Amino acid sequence: MHAILDPAVKSFVPVPDGSHFPLYNLPYGIFSPAAGESPRAGVRIGDHVLDLSLVEDAGLLDGAGLPRGTFSQPWLNRFMELPAENRRLARILIHGLLRQEEPTLRDNAGLRRRALVPVDEVVMHLPVMIRDYTDFYSSREHATNVGIMFRGKENALMPNWLHLPVGYHGRASSVVVSGTDIVRPCGQTIAPDAEAPSFGPSRLLDIELEMGFLVAGENALGAPVPVDEAWDRIFGMVVVNDWSARDIQKWEYQPLGPFNAKNFATSISPWIVTIDALMPFACAAPAQDPEPLPYLREKERRTFDIALTVDLEAPEADGPVTICESNFRYLYWTMAQQLAHHTCTGCNLGTGDLLASGTISGPDKGSFGSLLEITWRGSEPIALPGGGQRKFLADGDRVTMSGVCAKDGLRLGFGEVTGRILPAVEPGQ
Ligand code: MN
């Protein structure tokens, strides 16, 4: 189904040891070669970005059957909506152009100078015009931890949880690219013994370590996607920080679920790693008991082994501290099940929809993917390097998440998604 390129092939573009971006990865993003220049598509290789708009203009991707100007758009949507076959051909052609022994680009000094831009000169943009954003709740460990905190050990998992991938419709307009500052949200909260709510900056601002996938192509309204066909609709993956205001969430969430606690910002990493690139890291997803209903049963329960880390850097600390090491493979519900469940009503998903996993917590304390869990509702603060502590995020704090795959000498990654908290802006009266 997915063509696997030879991971041993090297590029003429230098790739530093330990880079997330060897020739094999080739993740897609949208960048400007310098501030103020128009956004266009690129792939990352080592510490460079290959400008795909120039490569396409030069006719070097003609064999992929791309409509003219596919990579000159300020979004990847036009590329993502092409048949999987064309996208795969483009990846193979780009890989071929960057190979060490391929002279076409290597020996074309003029094109090479313009098309290979050092990554520290570029400005990254949101890679996709995100049409709709859905957030799941697919980590059994996370759902159990939150359930224990709010309902007690006996009723930790809600009765539906083992039967369907729980989710909610999020807000696409506030999905931002890594590096965007996050303004602390204001909202209604209620103090434990208070009779009435008050309004002001959230005091329990949190992170959620997630990954998300971008949808490719469209199913018509009324036409569900079978679970075993779902993989063809997944373009690639990013690391997601789904910022959350726990105090706002606690007061507002019943009976319809999260609203303002989640709608102020969701950050994503700028490079979309394709499913083709991830295939060497495919592994079995956790066994499911009880067996799900037939429309959610997969012939092959595939997920990916992606090691995830979260670093917190507080302004008063001596440096960053790693607060979580988790893995995408822990998730109980797979991406294919999420997509099949989302569309089982006939709901139409389209190119550029973002479907995020929900917080990815692992089995032990060091692998919890939110501050809510790491500090157990603030009762076990994180010690900062050089003194001080954190229960939830303070103004000026920076959170950076990263994802890496490694197997049999092949290593690739997602880069990072980072964001810093700015003080709240209160609405006028
Ligand atoms: Mn979330």
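Okay, so let's go over this structure. (Residues numbered from 1 in each chain as written. Predicted model: local features only at pLDDT ≥ 70, side-chain atom pairs only at ≥ 80, totals over all residues. Heavy atoms only, no water.)

The next thing to look at is helix H9 (residues 335-343). Summarising burial for H9: nine of the nine residues are buried, a large majority. Looking only at H9, the buried set comprises Met335, Ala336, Gln337, Gln338, Leu339, Ala340, His341, His342 and Thr343. (Buried < 20%, exposed > 50% of the residue type's maximum accessible area, 1.4 Å probe, protein only. Helix = DSSP H or I, 4+ residues; strand = E, 2+ residues; numbered from the N terminus.)

On to the coordination of the manganese ion. On the protein side, the manganese ion has Asp135 (OD), Glu208 (OE), Glu210 (OE) and Asp242 (OD) as donor atoms, found 2.1 Å from it. Linear spacing of the donor residues for the manganese ion on their chain is D-x72-E-x1-E-x31-D. Linking Asp135 in strand S6 (residues 133-136) with Asp242 in the loop between strand S14 (234-241) and strand S15 (244-245), this pair joins segments that are 107 residues apart in sequence. Assessed through its relative accessible area of 1%, Asp135 is described here as buried. (Donors = N, O, S within 2.8 Å, 3.2 Å for Na, K, Ca; no water.)

The next point concerns the pairing of strand S26 (residues 410-422). Of the strand pairs in this sheet, strand S9 (residues 182-183) and S26 are connected by two bridges, and their pairing is parallel. Counterpart to Val183 in the pairing with S26 is Leu422. Across nine bridges, strand S25 (residues 398-407) lies against S26 in antiparallel orientation. Its bridge partner being in S26, Val404 is matched across the sheet by Gly413. Counting the residues in the hairpin turn of S25 and S26 gives two residues, including Asp408, whose phi is positive at 50°. (Pairing = 2+ DSSP bridges.)

Quick look at the side chain of Ser139 now. Relative to the helices and strands, Ser139 resides in the loop between S6 and helix H6 (140-151). On the basis of relative accessible area, Ser139 is assigned to the buried category, the value being 1%. At 3.3 Å, the side chain of Ser139 and the backbone oxygen of Ser361 are in polar contact. Contact partners of Ser139, with chain neighbours within four places excluded, come to Trp161, Leu331, Thr359, Ile360 and Ser361. (Polar contact = N/O pair within 3.5 Å; in protein donor to acceptor, adjacent residues only side chain to side chain. Contact = heavy atoms within 4.5 Å.)

Moving on to unusual backbone geometry. Residues Gln254 and Pro255 are joined by a peptide bond in cis, for which omega reads 5°. Locating Pro255 in the fold gives a position in the loop between helix H7 (246-252) and strand S16 (266-268). Omega for the peptide link from Asp289 to Pro290 comes to 5°, which places this bond in the cis form. Summarising the element assignment, Pro290 is placed in the loop between strand S18 (282-284) and strand S19 (302-304). A positive phi angle, near 50°, is found at Leu26, a position not held by glycine. Looking at the element boundaries, Leu26 is found in the segment before strand S1 (28-32). Using a relative accessible area of 2% as the deciding quantity, one classes Leu26 as buried. Positive phi is not limited to glycine here, since Arg377 has a value of about 65°. Relative to the assigned elements, Arg377 resides in the loop between helix H10 (371-374) and strand S23 (382-383).

As summarised here, the arrangement of the five strands in space is S4-S3-S2-S1-S5, forming an open sheet in which the pairing is antiparallel. Unpaired on one side and paired on the other, strand S4 (116-118) and strand S5 (123-125) mark the two borders of the sheet. The mean inter-strand angle of the sheet, taken between neighbouring strand axes irrespective of direction, is 45°. Pairing of S1 with S5, which is carried by three bridges, proceeds in the antiparallel orientation. Looking across to S5, one finds that Phe31 is bridged to Met124. (Axes fitted to C-alpha atoms, helices over the stretch in contact; angles between N-to-C directions.)

With that settled, consider the packing of aromatic side chains. Within this structure, the stated rule accounts for ten aromatic pairs. Considering the side-chain rings of Tyr28 and Phe71, the 6.3 Å spacing of their centres and the 15° angle between planes classify their relative orientation as stacked. Of this pair, Tyr28 sits in strand S1 while Phe71 sits in the loop between helix H1 (52-57) and helix H2 (77-80), and the two are 43 residues apart along the sequence. With respect to burial, Tyr28 and Phe71 carry one shared label: buried. Residues Trp161 and Tyr332 carry aromatic rings whose centres are separated by 5.4 Å and whose planes lie at 45° to one another, so their mutual orientation is tilted. (Phe/Tyr/Trp six-rings, centres within 6.5 Å; stacked < 30°, edge-to-face > 60°.)

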